[in-house]
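The lines below spell out each chain.
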Amino acid sequence: MVAAMDQSSRPAGIVTRFAPSPTGLLHLGHAFSALVAHGRARAAGGRFLVRIEDIDPGRCRPDFEAAILADLAWLGLDWDGPVRRQSAHLDDYRDALARLDGLGLLYPCFCTRRDIQDEVARAGHAPHGPDGVLYPGTCRRLGAAERRERMDSGAPYALRLDVAAAVALAGPLGWRDEEAGVVAATPEIFGDVVLARKDVPTSYHLAVTVDDALQDVTLVTRGADLFAATHVHRLLQALLELPVPAYAHHRLLTDPSGRRYAKRDRALTLAALREAGRSPGEVRTMAGF
Ligand code: GLU
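Parameters at a glance
Residues numbered from 1 in each chain as written. Predicted model: local features only at pLDDT ≥ 70, side-chain atom pairs only at ≥ 80, totals over all residues. Heavy atoms only, no water. Buried < 20%, exposed > 50% of the residue type's maximum accessible area, 1.4 Å probe, protein only. Helix = DSSP H or I, 4+ residues; strand = E, 2+ residues; numbered from the N terminus. Pairing = 2+ DSSP bridges. Expected span 1.5 Å × (residues − 1). Arc of directions from axis to C-beta. Contact = heavy atoms within 4.5 Å. 1 Å grid on protein atoms, 1.4 Å probe; cavity = no way out; pocket = protein on both sides within 12 Å on 5 of 7 lines; lining within 4 Å. Points joined across faces, edges and corners; volume = space filled by probe spheres on them. Nonpolar A, V, L, I, M, F, W, Y, C, P; charged D, E, K, R; others polar. Phe/Tyr/Trp six-rings, centres within 6.5 Å; stacked < 30°, edge-to-face > 60°. Lys NZ or Arg CZ within 6 Å of the ring centre and 35° of its normal. Axes fitted to C-alpha atoms, helices over the stretch in contact; angles between N-to-C directions. Near = heavy atom within 4 Å. Polar contact = N/O pair within 3.5 Å; in protein donor to acceptor, adjacent residues only side chain to side chain. Areas by Shrake-Rupley, 256 points an atom, 1.4 Å probe, with all protein chains shown as cover.

Participant: Whenever I open this one, the pairing of strand S4 (residues 106–109) confuses me. Can you help?
Facilitator: Note on strand geometry: in a regular strand, side chains alternate between the two faces of the sheet. Every second residue of S4 is oriented toward a common face, with Leu106 and Pro108 on one face and Tyr107 and Cys109 on the other, all of them buried. Direction of pairing for S4 relative to strand S7 (residues 158–161): antiparallel, over a ladder of four bridges. Paired with Leu106 across the two strands is Leu161, which belongs to S7.

Participant: Would you mind showing me how to read helix H3 (residues 90–102) here?
Facilitator: Taking 1.5 Å as the rise per residue, H3 with 13 residues should run 18 Å; its terminal C-alpha atoms sit 18 Å apart, in good agreement. Among the residues of H3, Tyr93, Ala96, Leu97 and Leu100 are the ones counted as buried. Along H3, the residues classed as buried sweep out an arc of 100° about the axis, all on the same side. Away from the buried face of H3 by more than 90 degrees, exposed residues Asp91, Asp95, Ala98 and Gly102 are located. Among the structural elements, strand S3 (84–85), S4, S7, strand S10 (194–196), helix H7 (204–214) and helix H8 (229–239) are those in contact with the buried residues of H3. Trailing H3 by a residue or two, Gly104 shows a phi angle of about 75°, which is positive.

Participant: Could you clarify how one ought to interpret the layout of surface pockets in this entry?
Facilitator: To find leftover empty space, one rolls a probe the size of a water molecule over the atoms. Size it by volume and the second largest pocket reaches roughly 160 Å³. Lining the second largest pocket are Asp92, Asp95, Ala96, Arg99, Val210, Ala213, Leu214, Leu240 and Leu242. Counting only elements with at least two residues in the lining of the second largest pocket, the list comes to H3 and H7. The element that contributes the greatest number of residues to the lining of the second largest pocket is H3, accounting for four residues. A per-class count over the lining of the second largest pocket returns six nonpolar, no polar and three charged.

Participant: Looking at this structure, how should I read the packing of aromatic side chains?
Facilitator: A ring pair, where both rings are aromatic, is described by two values, the distance of the centres and the angle of the planes. Enumeration over the complete set of coordinates arrives at four aromatic pairs. Through a chain of ring-to-ring contacts, three or more aromatic side chains come together here, namely Trp175, Phe227 and Tyr247. Residue placement shows Arg160 over the ring face of Tyr135; its charged tip is 3.7 Å from the ring centre. The ring of Trp74 is capped by Arg274, whose NZ or CZ atom sits 5.3 Å from the centre of that ring.

Participant: Whenever I open this one, the environment of Val83 confuses me. Can you help?
Facilitator: The topology assignment puts Val83 in the loop between helix H2 (62–75) and S3. In sequence terms Val83 and Ile52 are 31 residues apart; their C-alpha atoms lie 7.1 Å from each other. Those residues in contact with Val83 that lie beyond four places of it in its chain are Val50, Ile52 and Leu69.

Participant: For this particular structure, what's the right way to read the sheet that holds S10?
Facilitator: Across a sheet, strands are paired by hydrogen bonds formed along the backbone, either parallel or antiparallel in direction. Taken in spatial order, the three strands line up as S4-S7-S10 in an open sheet, and their pairing is antiparallel. Pairing within the sheet leaves two strands with one partner each, and these edge strands are S4 and S10. Each adjacent strand pair in this sheet contributes to an overall mean axis angle of 45°, direction not counted.

Participant: Even after reading the chapter, I still don't get the site of the ligand, so can you show me in this structure?
Facilitator: As a structural note, the neighbourhood of the ligand is formed by Arg17, Ala19, Pro20, Ser21, Glu53, Tyr204, Val208, Arg222 and Leu226. Arg17 places a side-chain nitrogen or oxygen 2.6 Å from an oxygen atom of the ligand. In this structure, Glu53 approaches the ligand through a side-chain N or O atom, which is 2.6 Å from a nitrogen atom. Notes on the ligand: free accessible area 300 Å², of which the protein chains cover 77%. Grouping the amino acids of the shell around the ligand by side-chain chemistry returns five nonpolar, one polar and three charged.

Here it is, written out as structure tokens:
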């Protein structure tokens with residue numbers, strides 16, 4: 001059985017968002033995604049939001065952010081309210097972590113990538129999830145004294161979710177996806193996900209879930225490549241008592257040879273197409289609109 005999805009406290013009307021990471025220029029695949037979100041909101045007289053997912057200081061750049069916003073405006077996409085920039089809201093993610101910690105569901109993980117590889121090699125088997133090899137749980141098994149000692153020593157650590165304990169606490173969960181119908185959530189397929197990185201006090205999963213709730217997003221539209229992530233997001237919503245949006249994971253736009261557009265496709269960035277003299281209307285058509 002799937003837990004009820006209470007939306008009674010939500011404001012009326014549909015709210016969608018486009019949430020790019022400013023790690024490169026927008027390409028046709030992004031344009032498709034932004035047009036889907038914008039179109040769904042406008043068709044229903046709702047709100048369309050833009051959120052800049054810039055929690056990774058090593059990869060995100062202000063010039064990419066400026067270019068993204070300029071590209072969206074050039075394409076004719078208007079958004080409602082101010083752009084939310086995740087790096088300006090780290091306190092919101094800290095609050096969420098404190099709440100999860102209060103539930104006893106987080107633990108510090110001191111492992112390096114190498115430690116994890118070694119542990120997996122020692123175990124002789126390597127269960128995989130949607131993001132690759134599952135974390136083998138090394139630091140979940142540390143005793144309280146050792147944990148404290150290592151934290152006090154200043155060793156860098158991430159915070160991981162004890163997913164088995166979290167699932168046990170939350171009970172059965174599901175969400176409604178426009179393509180897939182009602183989906184039973186199985187967040188354990190990801191293992192103990194990182195919710196705060198060693199270098200950044202949050203993670204994609206945590207920031208996106210908290211923001212969608214704080215921004216009253218009612219319909220999450222995004223590419224099918226993020227479908228599996230929703231298993232984790234649904235669990236976090238339950239643990240943090242956040243409302244549950246509807247989801248529409250759309251197909252990924254591909255080039256004529258069937259390959260997904262990616263940051264490497266320089267010629268198909270919106271900036272390059274604009275420079276080559278394409279009009280916004282032509283680019284919309286190329287993106288399938
Ligand atoms: N920031 C993510 C990306 O650029 C999208 C996040 C989402 O839509 O949930 O792929």
